[in-house]
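Structure assessment
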Amino acid sequence: MAETKVSARDYILTADIDGDATFKAVACLTTNSMTSTVNTIDATSKCGDQYQAGPSFTQSFKGEGFAIDETGTPSKDSYQQLYAAHAAKTAFNMKMGKATPTAGDIVYSGQVFISDFEVNAADKDDVKFTATFVVTLPPLTQTETA
């Protein structure tokens, strides 16, 4: 069986904030991640240790990157668009996976809203943003590209 590593540079977040079924890159990211958590019920007693999967399932994406401004027709979702979606409490579809998936690549997708949004303007640096995208109805769909 052949093994191929996935380059993190190619693994990005894309979003359809305006609902037109066109996914644009969330830019310009320096890091992105997906977190998935099932709460644990501690059923430990004097009869022994026991843990069970609980009913609460939370998932989120997180993205950090450089704030960008675009003129003309946007090709990326800028930090202004992300903030507008956050302020309006807009739910939209998001994906995380390779920018151009090929056969065998995994893509995670689902509907999200932005729970946390931060802009950081440190001296002698470019403006950066951080956003947390909470999945509205877990679990995310995991799709293998055919």
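Right, let's walk through the structure included here. As a convention, each chain's residues are numbered from 1 in the sequence order in which they are written. Under the rules for a predicted model, residues below a pLDDT of 70 receive no local features and side-chain atom pairs below 80 are neither given nor counted, while totals for whole chains, interfaces and linings still include all residues. Only heavy atoms go into the side-chain values, all of them from the structure, while hydrogens and water stay out.

Here we look at the overall build of the protein
By definition, any uninterrupted DSSP run of H or I lasting at least four residues is a helix, any uninterrupted run of E lasting at least two residues is a strand, and each is numbered from the N terminus. Helix and strand content of the protein: 1 helix and 9 strands. In sequence order, the protein lays out its α and β elements as β-β-β-β-β-α-β-β-β-β. The dimensions of the protein, computed from C-alpha atoms along their principal axes, are 65 × 40 × 35 Å. Within the protein, buried positions represent 27% of all 146 residues. The long-range share in the protein, meaning contacts at least 24 apart out of those at least 6 apart in sequence, stands at 59%. Per element, the accessible surface of the protein, about 9400 Å² overall, is 50% carbon and sulfur. When the 11 positive and 18 negative side-chain charges of the protein are each reduced to one mean point, those points stand 3 Å apart. Relative accessibility under 20% of the residue-type maximum defines a buried residue, over 50% an exposed one, and the middle range a partly exposed one, all with a 1.4 Å probe and only protein chains included. Should any heavy atoms of two residues lie within 4.5 Å, those residues are considered in contact. Here the accessible surface of atoms and residues is derived via Shrake-Rupley with a 1.4 Å probe, and residues count as covered only by protein chains that are part of the display. We score Asp and Glu as negative and Lys and Arg as positive, and we do not count His or the chain ends. All charge positions are set by atom: Lys at NZ, Arg at CZ, Asp at CG, Glu at CD.

Side note on the pattern of salt bridges
Salt bridge, as used here: a side-chain nitrogen of Lys or Arg that lies within 4 Å of a carboxyl oxygen of Asp or Glu. For the structure shown, the criterion picks out 3 salt bridges. Lysine 24 is paired through a salt bridge with aspartate 77; the nearest N and O atoms lie 3.7 Å apart. With lysine 24 in strand S2 (residues 24-26) and aspartate 77 in strand S5 (residues 76-77), the pair connects residues that are 53 residues apart, well separated along the chain. Aspartate 77 shares its class with lysine 24; the two are buried.

A word on the pairing of strand S7 (residues 106-120)
Two strands are counted as paired when DSSP detects at least two bridges linking them. Here strand S6 (residues 92-98) runs beside S7; their pairing, made up of 5 bridges, is antiparallel. Bridge assignment links lysine 95 to a residue of S7, and that residue is serine 109. Summarising the sheet, S7 and strand S9 (residues 141-144) pair through 4 bridges and their orientation is antiparallel. By the bridge assignment, valine 107 is partnered in S9 with threonine 143. Looking at chain direction, S7 and strand S8 (residues 128-135) are connected through 8 bridges and run antiparallel.

Focus: unusual backbone geometry
For residues other than glycine, phi is negative in most cases, and the peptide bonds are mostly trans. Backbone torsion omega between proline 138 and proline 139 reads 5°, so that peptide bond is classified as cis. When you line up the elements, proline 139 lands in the loop between S8 and S9. Backbone geometry places alanine 21, a non-glycine residue, at a positive phi of 70°. Although it is not a glycine, lysine 124 adopts a positive phi angle of roughly 60°.

Quick word on the environment of lysine 76
With respect to the helices and strands, the residue lysine 76 is situated in strand S5. Separated by 19 residues in sequence, lysine 76 and phenylalanine 57 have C-alpha atoms that sit 30 Å apart. Other than its neighbours up to four places away in sequence, lysine 76 contacts Lys24, Ala25, Ala27, Cys28, Ile68, Glu70 and Gln81.

Remarks on the layout of surface pockets
Cavities and pockets were defined on a 1 Å grid built from protein atoms only: a cavity is a group of points that admits a 1.4 Å probe but offers it no way out, a pocket is an open group of points flanked by protein on both sides within 12 Å along at least five of seven lines, and a lining residue is one with an atom within 4 Å of any such point. Grid points are joined across faces, edges and corners, and a volume is the space filled by probe spheres set on the points. Of the voids in this model, the largest pocket is the one considered here, and its volume is about 260 Å³. Surrounding the largest pocket, Ala8, Arg9, Tyr11, Ile12, Val26, Leu29, Thr30, Thr31, Asn32 and Met96 form its lining. Mapped by element, the contributors of at least two residues to the lining of the largest pocket are strand S1 (11-16) and strand S3 (29-42). With 4 residues, the single largest contributor to the lining of the largest pocket is S3. The class makeup of the residues in the lining of the largest pocket is 6 nonpolar, 3 polar and 1 charged. Here the nonpolar group is Ala, Val, Leu, Ile, Met, Phe, Trp, Tyr, Cys and Pro; Asp, Glu, Lys and Arg are the charged ones; every other residue, Gly included, is treated as polar.

Take it as geometry only, folks, not as evidence of what the structure does.
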